[in-house]
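Spelled out, the chains give:
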Amino acid sequence: EDQVTQSPEALRLQEGESSSLNCSYTVSGLRGLFWYRQDPGKGPEFLFTLYSAGEEKEKERLKATLTKKESFLHITAPKPEDSATYLCAVLNTGGGNKLTFGTGTQLKVEL
Amino acid sequence: ETGVTQTPRHLVMGMTNKKSLKCEQHLGHNAMYWYKQSAKKPLELMFVYNFKEQTENNSVPSRFSPECPNSSHLFLHLHTLQPEDSALYLCASSQDLSAGTQYFGPGTRLTVL
């Protein structure tokens, strides 16, 4: 059974204080690892898909990296508007398109 | 949020009521999904439809009844729900079942009294 564990559960940063969120996973065969951002009361917003170990993707202050066991979402010089819950999900190589999600990291960036 | 829309955004219902949630996607996708999101729990996949055909029912109680009349619309019919069914219900779509990326709607916040 696929599993995704995200840490920390919650993270409080000062504006400009860079940090990383972790997503550890076990999957029979990885077809893709996904990062989403979710604001309170809204649906998850797609950020990145990573397909193989060593791959990296960037978007503004966010950079996602992938190894064979985990993914990191690095946040460089965060701003208050980066405050949200960040969700990680994996898709295995089996049939269908069933994502397995973690419980998320709730990030708060303060002035 | 205009890619996948959901109505209503908020719903309060009694345990004996019957209500429906609606989802519409404007992305030209062929696969649609219903998820349940409860506090402190991962998103739980409920149903998957591909080209209007149900391909997955993730052991969902029969008080939840999905309907997919075409590839752009998805409904979730609710009847005789329990208070523990209170949650955020999310609809998502993807190009098809081989395309991993799913795009989500804003959700319906359901409260069962």
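This text follows the structure it describes.
Residues numbered from 1 in each chain as written. Chains lettered and ligands numbered in written order. Predicted model: local features only at pLDDT ≥ 70, side-chain atom pairs only at ≥ 80, totals over all residues. Heavy atoms only, no water.

A. Seen up close, the overall build of chain B. Counting its regular elements, chain B contains 0 helices and 11 strands. Computed over its C-alpha atoms, the radius of gyration of chain B comes to 13 Å, within 12% of the 13 Å expected for a compact globule of 113 residues. Counting only C-alpha atoms and orienting by the principal axes, one finds that chain B spans roughly 40 × 25 × 25 Å. A burial count over chain B gives 50% of its 113 residues as buried. Considering only contacts within chain B whose residues lie at least 6 apart along the sequence, 54% involve residues at least 24 apart. Just so you have it, chain B exposes about 5,200 Å², and 50% of that area is on carbon and sulfur atoms. Once the 10 positive and 9 negative side-chain charges of chain B are each reduced to a mean point, those two points are 8 Å apart. (Helix = DSSP H or I, 4+ residues; strand = E, 2+ residues; numbered from the N terminus. Rg over C-alpha atoms; globule rule 2.2 N^0.38 Å. Buried < 20%, exposed > 50% of the residue type's maximum accessible area, 1.4 Å probe, protein only. Contact = heavy atoms within 4.5 Å. Areas by Shrake-Rupley, 256 points an atom, 1.4 Å probe, with all protein chains shown as cover. Lys, Arg positive; Asp, Glu negative; His and termini not counted. Charge placed at Lys NZ, Arg CZ, Asp CG, Glu CD.)

B. Representation of the interface of chain B and chain A in the model. The interface of chain B with chain A comprises 26 residues on the first partner and 19 residues on the second. Taken together, the two surfaces of chain B and chain A that pack against each other cover about 1,600 Å², and 53% of this comes from carbon and sulfur. Three residues, Leu-43, Thr-101 and Phe-104 of chain B, lead the burial of chain B against chain A; their summed loss comes to 24% of the area buried on that side. At the surface where chain B touches chain A, the tally comes to 1 salt bridge. Between chain B and chain A we count 10 residue pairs in polar contact (both at pLDDT 80 or more) in total. Within the residue set of the side of chain B that touches chain A, elements represented by two or more residues are β4 (31-37), β9 (87-94) and β10 (103-104) of chain B. A breakdown of the residues in the side of chain B that touches chain A according to their chemical character gives 12 nonpolar, 8 polar and 6 charged. (Buried area = accessible area lost by both parts, 1.4 Å probe. Salt bridge = Lys/Arg side-chain N within 4 Å of Asp/Glu carboxyl O. Polar contact = N/O pair within 3.5 Å; in protein donor to acceptor, adjacent residues only side chain to side chain. Nonpolar A, V, L, I, M, F, W, Y, C, P; charged D, E, K, R; others polar.)

C. Inspection of the state of the cysteines at higher detail. Residue and element names in this part refer to chain B. Scanning the model with the defined rule gives 2 disulfides over all chains in all. In this model Cys-23 forms its disulfide with Cys-91; the gap between the sulfur atoms is 1.9 Å. The disulfide joining Cys-23 to Cys-91 has a torsion of about -70° about its S-S bond and is therefore left-handed. In this pair, Cys-23 sits in strand β3 (residues 18-25) while Cys-91 sits in strand β9, placing the two residues 68 residues apart along the sequence. Owing to a relative accessible area of 0%, Cys-91 belongs among the buried residues under this scheme. Cysteine Cys-68 is unpaired, with the sulfur of Cys-91 as its nearest cysteine sulfur at 9.0 Å. Given the relative accessible area of 11%, Cys-68 is considered buried. (Disulfide = S-S within 2.5 Å.)

D. The environment of Leu-74 of chain B, seen in detail. Residue and element names in this part refer to chain B. Mapped onto the elements, Leu-74 comes out in strand β8 (residues 73-79). For the pair Leu-74 and Leu-45, spaced 29 residues apart in the sequence, the C-alpha separation amounts to 15 Å. Beyond its immediate stretch of four places on either side in the chain, Leu-74 contacts Leu-21, Lys-22, Cys-23, Met-32, Tyr-33, Trp-34, Tyr-49, Glu-67, Cys-68 and Cys-91.

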